[in-house]
Amino acid sequence: MAITNIISTTIQELDANGQTLARRVASVSDTAATVGQFIAGNLINTNQTSITVPVAQVRQLWVHNTDTAATITVIWTPNGGTETTTGIVLGPTDQVMLWHSTTGSTKGISSLKLTASEANATFEVFCGG
């Protein structure tokens, strides 16, 4: 059964008086997705933790560090590739997203791991594809 996963983003640049200098709105849809799943969790220690993804090829990914103090390092395996540390360290409340709207053998990721800088760091993830 196909579902639709959509990401909508608004980016604004404001001057010191709150006046809009630039604004962009973008929306990307995958109307052929078969799964979309939110995962909320707690990284109980500072060891690398595998996140169970709901589909073999995750084409939509959003990682949100919901912790107020810890950093979270994002590690993934590109679909058809080898595991790599993305170089992305999410500070408190930071987010990163990867969003493919079409299929293809090299799109998305096949595994996800997170490493926290301190125990009990909280996070949210959306996986779709």
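Residues numbered from 1 in each chain as written. Predicted model: local features only at pLDDT ≥ 70, side-chain atom pairs only at ≥ 80, totals over all residues. Heavy atoms only, no water.

Undergrad: How do you make sense of the overall build of the protein when you look at a structure like this?
TA: Within the protein, the secondary structure is distributed over zero helices and 10 strands. For the protein, the N- to C-terminal ordering of α and β elements is β-β-β-β-β-β-β-β-β-β. Based on the C-alpha atoms only, the size of the protein along its principal axes is roughly 45 × 40 × 25 Å. Residues classed as buried in the protein amount to 34% of the 129 residues present. Expressed as a percentage of contacts within the protein between residues at least 6 apart in sequence, the contacts between residues at least 24 apart total 74%. On the protein, roughly 7,200 Å² of surface is accessible, and the fraction owed to carbon and sulfur atoms is 51%. (Helix = DSSP H or I, 4+ residues; strand = E, 2+ residues; numbered from the N terminus. Buried < 20%, exposed > 50% of the residue type's maximum accessible area, 1.4 Å probe, protein only. Contact = heavy atoms within 4.5 Å. Areas by Shrake-Rupley, 256 points an atom, 1.4 Å probe, with all protein chains shown as cover.)

Undergrad: In this structure, what is going on with the nonpolar core? I would like to understand it.
TA: Soluble globular proteins: nonpolar side chains tend toward being buried together. Membership of the largest hydrophobic core comes to 23 residues, with the highest contact counts inside it found for Leu61, Val63, Val74, Leu112, Leu114, Phe123 and Val125. Where this core is concerned, the elements lending two or more residues are β3 (36–43), β5 (60–65), β6 (72–78), β9 (109–116) and β10 (121–128). Leave out the neighbours within four places in its chain, and leucine 112 touches Thr49, Ser50, Ile51, Val53, Leu61, Val74, Ile75, Trp76 and Val125. (Core = buried A, V, L, I, M, F, W, Y, C linked by side-chain atoms within 4.5 Å.)

Undergrad: Which parts of the structure should I look at to understand the packing of aromatic side chains?
TA: Two aromatic rings, taken as a pair, are described by how far apart their centres are and by the angle between their planes. What the rule picks out here adds up to three aromatic pairs. Measuring from ring centre to ring centre gives 5.7 Å for tryptophan 99 and phenylalanine 126, while their planes differ by 20 degrees; the resulting arrangement is stacked. Placement of the pair is tryptophan 99 in strand β8 (residues 95–99) and phenylalanine 126 in strand β10, with a sequence separation of 27 residues. Exposure class is identical for tryptophan 99 and phenylalanine 126. Each is buried. Through a chain of ring-to-ring contacts, three or more aromatic side chains come together here, namely Phe38, Trp62, Trp99 and Phe126. (Phe/Tyr/Trp six-rings, centres within 6.5 Å; stacked < 30°, edge-to-face > 60°.)

Undergrad: Would you mind going over the sheet that holds β3 with me for this structure?
TA: Whenever strands of a sheet pair, they do so through backbone hydrogen bonds, lying parallel or antiparallel. Spatially, the four strands line up as an open sheet ordered β3-β10-β5-β8, and their pairing is antiparallel. Edge positions in the sheet fall to β3 and β8, since each has one partner strand and no second. Within this sheet the neighbouring strands show an average axis-to-axis angle of 10 degrees, counted without direction. The pairing of β5 with β8 spans five bridges and is antiparallel. Bridge pairing in β8 links histidine 64 to glutamine 95. (Pairing = 2+ DSSP bridges. Axes fitted to C-alpha atoms, helices over the stretch in contact; angles between N-to-C directions.)

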